[in-house]
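Tertiary structure, described
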Amino acid sequence: MNLDATISKEEGWKRTISVTVAVDEVEKAFGKTTQKYRQQAKIPGFRPGKAPLEMINRQFAEQIRQDVLEAMIPRAFDAALRKLSLS
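These notes cover the structure that comes with them. (Residues numbered from 1 in each chain as written. Predicted model: local features only at pLDDT ≥ 70, side-chain atom pairs only at ≥ 80, totals over all residues. Heavy atoms only, no water.)

Considerations on the overall build of the chain
- Secondary structure assignment for the chain yields 2 helices and 2 strands.
- Ordering the α and β elements of the chain from the N terminus gives β-β-α-α.
- Its C-alpha atoms give the chain principal-axis dimensions of about 60 × 20 × 20 Å.
- In the chain, buried positions account for 25% of the 87 residues.
- Counting only carbon and sulfur atoms, one obtains 53% of the accessible surface of the chain, whose full area is about 6,600 Å².
- Considering the chain, the positive charge centre built from 15 side chains and the negative charge centre built from 11 side chains are found 7 Å apart. (Helix = DSSP H or I, 4+ residues; strand = E, 2+ residues; numbered from the N terminus. Buried < 20%, exposed > 50% of the residue type's maximum accessible area, 1.4 Å probe, protein only. Areas by Shrake-Rupley, 256 points an atom, 1.4 Å probe, with all protein chains shown as cover. Lys, Arg positive; Asp, Glu negative; His and termini not counted. Charge placed at Lys NZ, Arg CZ, Asp CG, Glu CD.)

Written out as C-alpha cells, the structure reads:
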C-alpha cells in the first residue's frame with residue numbers, strides 16, 4: 001500500500017500517528033466497491049450489472065464510502081505500523 005506515516009509527540013507520553021494514503025489507492029478502492037454495488041443492485045429499467053455508474057454512485061454514495069473506509073482504515077493502519085517499525 002502506498003502511504004506516508006508520521007509520529008508526532010504530544011504532551012507527556014501521548015503520541016499521534018498520521019497516515020496519508022495515496023489518491024490512486026483510494027480511487028481504486030472506490031472503483032472496486034462501486035463495481036460490486038453495480039453487480040448486486042436491482043435498479044428498475046436495468047438488467048443486473050448494467051445500470052450506469054453515475055446512477056449507482058448517486059444512489060449508494062454513502063454506503064460505498066462507508067464500505068471503502070471500513071476496508072481501507074485497518075489495512076492502512078497496519079501498513080503504517082510496519083512502515084514505522086512499530087509492529
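Structural notes on the pairing of strand E2 (residues 15–21)
- One ladder, built from 7 bridges, connects strand E1 (residues 3–9) with E2; its direction is antiparallel. Paired with Asp 4 across the bridge in E2 is Thr 20. (Pairing = 2+ DSSP bridges.)

Topic: the nonpolar core
- The biggest cluster of nonpolar side chains holds 10 residues, and these are Ala 29, Tyr 37, Ala 41, Ile 43, Ala 51, Ile 56, Phe 60, Ile 64, Val 68 and Met 72.
- Of all the secondary-structure elements, those providing two or more residues to this core are helix H1 (23–40) and helix H2 (53–83).
- For this core, the leading source of residues is H2, giving 5 residues.
- Look past the residues within four positions of Ala 51 in its chain and what remains in contact with it is Arg 38, Ile 43, Phe 46 and Ile 56.
- One finds Leu 3, Ala 76, Ala 79 and Ala 80 within the second-largest nonpolar core, a separate group that totals 5 residues. (Core = buried A, V, L, I, M, F, W, Y, C linked by side-chain atoms within 4.5 Å. Contact = heavy atoms within 4.5 Å.)

Notes on the environment of Val 26
- With respect to the helices and strands, Val 26 occurs in helix H1.
- Given a relative accessible area of 27%, Val 26 falls into the partly exposed group.
- Linking Val 26 and Lys 36, residues 10 residues apart in sequence, is a C-alpha distance of 15 Å.
- The residues touching Val 26, leaving out its near neighbours within four places in the chain, are Val 21 and Met 72.

Spatial relationships are all this shows, so hold off on functional conclusions.
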